[in-house]
Amino acid sequence: MIRYRVAPSTGIAGEARVPGDKSISHRALMLGAIASGTTRVSGFLEGEDCLATMRAVAALGVQVSRPGPGEVVIEGVGLDGFRAPSAPLDMGNAGTAIRLFMGLLSSQAFDSVLVGDESLMRRPMERVATPLRAMGATIQTSDGRPPVRISGGMPLHGIRYEMPVASAQLKSALLLAGLRAAGDTTVIEPAVTRDHSERMLQAFGCEVSSVDGVVTLRPPARLEAANVEVPGDFSSAAFFIVAACIGAHAPFVVRGVGVNPTRTGLLEMLELMGADLRLVNRRTCGAEPVADIEIRPAVLRGIRVPERLVPLSIDEFPAFFIAAACAEGETLVTGAEELRVKESDRIAVMARGLGVLGIRHEVLPGGLRIEGGGFGGGVVDSGGDHRVAMSFAIASLRASAPIEILDVANVATSFPGFATLGRSVGLGIEEVA
Ligand code: S3P
C-alpha cells in the first residue's frame, strides 16, 4: 500500500500548473465518442478515472488514440454507433464515469453492466436509475449500488425531472439519456451545480438552454465533432490554493486553472476567511473560463460557510477543512450531507484525520465544526480517497511533526504527479511503497 511521508516544511513558494480538468476530460471522451467526425482533445487528464472512461469508450467500439501527452483523438461513431461491449465495463474509482455512462447506455440496443472498484461499488446509483426508469429505461442496481445492469432495446422519452439532490452527475446522466429520447428532457436543479455538460453539448451543436436552474435539452439529429481544450482542474488547484493560504510567505501563483463559476465556491469561502486571492490573466479555453490564481499571504479567520456555496465547492471540502484548521477561531460547515457519499465518507474520514493531528472538532450530520489550532504529527488513513490524501499532505505546512498518510494510490485517479509538483514548490512529501 503506497503511503506519503510528509515532513513539516517552512513554506511553499513559486508557482504551480495542475493537470487537466477531470469532469471536462470525461465529458470530452463521451461526447467525442457519440459525435459525428473526429474530436481532438488537448490538456486531457491522464488520470486513472479518465483512463477508465477511455477504456470503456474503446470497449463500445470507438477508436481512440493518444498522439502525445495530454492529447486524445476520438473517431466519433455517431449517436447510434456504439457496439455491444464483450464484458462488464469497469469504471474504476470514477463516480462521474459510471453515472454518465448510465445515461448514455440506457437507450442502447444492447445490454450492459457497469462495475467499479471497492469504493465505487459502495456508492449510490438509484439517484440516477430512478429518473432513467421514468424515461423508459430498464435498469437494475444491487441494493442501490453497482453492479448496474442496463437492458438494451428500451426506447426512451424525455421527462421533466426535479432533482432531489444538487448533483451534476445526475443532471448530466439525464441530459445524455435525453440525446436519444423522444421529446425534450428538462432537469430542474435545487441549487446550481457544475455546468460543463451543458457548455460542451452546446459546443458540439446541441440545443441546451439553462434558465434559473431549469435545464432543457432538445434531442439533436447528430452531434458535430469539436476540438476540446481542457483547462487545469480547479479541484486539483485547490490543494495549492489552500497550501499557499496557509504556507506561502510571498505571492504564489497557480496557472491556467478553469474558473467556471459553478466550481469556484472555495475562492469565496477563503475570501470570507480573509484570504487575499486574485484572478489574473483571464481568458477562455473553448467553452470554459480560465485564469491564473494569485494567492498572497493573509491571516485566516473561522467562518460559518453559507450553504449556497456547498454545491459550488463540493469537491474542495477536504482541502477547505485543512484551511479551517489553520484559521483563528471556529469554522462551521453544514448542509454538506453529499460529502458522505463521495469516494469516501469525507466528513467521517477527514474528522478522524483531524482528530489524529490534534484538531478539535465536532462531527455534524451534514458537516463539521472545526476549531483552529496547530497540527501535530501522526498517522492518518486516507480511506483510499485521493482528495483526503492530498489534503493531509498540505497540512504538513503547519504541522509540528511528520505526517504519514496511508493508502494514497488513488491520488493517481485525479492528480498524477501531485507529490512531484508538491516537492517542487516546497512540500516535504515522499512516496513510500
Ligand atoms: C462531478 C460532479 C460532482 C463531483 C464529482 C464530479 C461531475 O458529483 O463531486 O467529483 O463531473 O459531474 P455530484 O454531481 O454527485 O455532486
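Residues numbered from 1 in each chain as written. Predicted model: local features only at pLDDT ≥ 70, side-chain atom pairs only at ≥ 80, totals over all residues. Heavy atoms only, no water.

**Examining the environment of Gly158**
In this structure, Gly158 sits in the loop between β9 (145–151) and β10 (160–162). Look past the residues within four positions of Gly158 in its chain and what remains in contact with it is Met135, Ala181, Ala182, Gly183, Asp184 and Thr185. (Helix = DSSP H or I, 4+ residues; strand = E, 2+ residues; numbered from the N terminus. Contact = heavy atoms within 4.5 Å.)

**Overview of the sheet that holds strand β17 (residues 288–296)**
With mixed pairing, four strands are arranged side by side in an open sheet as β2-β15-β17-β16. Both outer strands of the open sheet, β2 (15–17) and β16 (276–285), are each paired with one neighbouring strand and no more. Ignoring which end each strand starts from, the neighbouring axes of this sheet average 20 degrees apart. Across the sheet, helix α7 (residues 234–247) is in contact with β2, β15 (252–258), β16 and β17; its angle to β15 comes to roughly 165 degrees. (Pairing = 2+ DSSP bridges. Axes fitted to C-alpha atoms, helices over the stretch in contact; angles between N-to-C directions.)

**Thoughts on the pattern of salt bridges**
Considering all chains together, one arrives at 31 salt bridges under this definition. For the salt bridge of Asp195 with Arg199, the shortest nitrogen-to-oxygen distance reads 3.0 Å. Taking relative accessible area as the criterion, Asp195 reaches 18% and is therefore assigned buried. Notably, a salt bridge pairs Arg308 with Glu268, separated by 2.4 Å at the nearest N-O pair. In this pair, Arg308 is assigned in the loop between β17 and α9 (317–325) and Glu268 in helix α8 (residues 265–272), connecting sequence segments 40 residues apart. Residue class for Glu268 comes out partly exposed when judged on its relative accessible area of 32%. Where salt bridges share partners, they join Arg123, Arg194, Asp315, Glu343, Arg346, Asp385 and Arg387 into one cluster. (Salt bridge = Lys/Arg side-chain N within 4 Å of Asp/Glu carboxyl O. Buried < 20%, exposed > 50% of the residue type's maximum accessible area, 1.4 Å probe, protein only.)

**A short note on the domain arrangement of the protein**
Examined at the domain level, the protein breaks down into domain 1 (3–20 + 232–432) and domain 2 (22–217). Inter-centroid distance (C-alpha atoms) of domain 1 to domain 2 is 28 Å. Roughly 2000 Å² of surface becomes buried between domain 1 and domain 2 when both sides are summed, with 48% attributable to carbon and sulfur atoms. Connecting domain 1 to domain 2 are three salt bridges. In this structure, Glu338 engages Arg127 in a salt bridge whose closest nitrogen and oxygen atoms are separated by 2.8 Å. On inspection of domain 1 and its partner domain 2, the count reaches 14 residue pairs in polar contact (both at pLDDT 80 or more). Elements that contribute at least two residues to the side of domain 1 that touches domain 2 include exactly β17, α11 (386–395) and α12 (411–414). With three residues, α12 is the single largest residue contributor to the side of domain 1 that touches domain 2. Classifying every residue of the side of domain 1 that touches domain 2 by side-chain character gives 10 nonpolar, seven polar and eight charged. (Domains from an automatic or database assignment. Buried area = accessible area lost by both parts, 1.4 Å probe. Polar contact = N/O pair within 3.5 Å; in protein donor to acceptor, adjacent residues only side chain to side chain. Nonpolar A, V, L, I, M, F, W, Y, C, P; charged D, E, K, R; others polar.)

**Points about the packing of aromatic side chains**
Within this structure, the stated rule accounts for seven aromatic pairs. Measuring from ring centre to ring centre gives 6.0 Å for Phe317 and Phe320, while their planes differ by 85 degrees; the resulting arrangement is edge-to-face. One end of the pair, Phe317, and the other, Phe320, are both in helix α9, three residues apart, so they sit about a helical turn from each other. No difference in accessibility class separates Phe317 from Phe320, as the two residues are buried. (Phe/Tyr/Trp six-rings, centres within 6.5 Å; stacked < 30°, edge-to-face > 60°.)

**Let's talk about the pairing of strand β21 (residues 378–381)**
Both β21 and strand β22 (residues 403–406) contribute to a ladder of four bridges, which runs parallel. From the neighbouring strand, Asp381 faces β22, where its bridge partner is Leu406.

**Quick look at the environment of Arg222**
With respect to the helices and strands, the residue Arg222 is situated in the loop between β13 (214–218) and β14 (228–229). For Arg222, a relative accessible area of 45% gives the class partly exposed. When the C-alpha atoms of Arg222 and Leu79 are compared, they prove to be 6.4 Å apart, with 143 residues separating the residues in sequence. Beyond its immediate stretch of four places on either side in the chain, Arg222 contacts Ser36 and Leu79. A polar side-chain atom of Arg222 sits 2.8 Å from a polar atom in the side chain of Glu224.

**Quick notes on the site of the ligand**
Every residue close to the ligand is listed here: Ser23, Arg27, Thr96, Ser167, Ala168, Gln169, Arg194, Ile314, Asp315 and Lys342. A distance of 2.8 Å separates an oxygen atom of the ligand from a polar atom in the backbone of Ala168. A distance of 2.7 Å separates an oxygen atom of the ligand from a polar atom in the side chain of Lys342. Contact with the protein chains removes 96% of the 390 Å² of surface that the ligand exposes when unbound. Secondary structure elements with two or more residues in the shell around the ligand: α1 (22–34) and α5 (168–178). Residues from two domains meet in the shell around the ligand; each of domain 1 (3–20 + 232–432) and domain 2 (22–217) gives at least three. (Near = heavy atom within 4 Å. Areas by Shrake-Rupley, 256 points an atom, 1.4 Å probe, with all protein chains shown as cover.)

**Considerations on helix α13 (residues 418–425)**
Among all positions in α13, only Phe418, Ala419, Leu421, Gly422 and Val425 are buried. Buried residues of α13, seen end-on, are gathered within an arc of 165 degrees and therefore sit on one face of the element. Remark: Gly426 follows α13 within two positions and exhibits a positive phi of approximately 120 degrees. (Arc of directions from axis to C-beta.)

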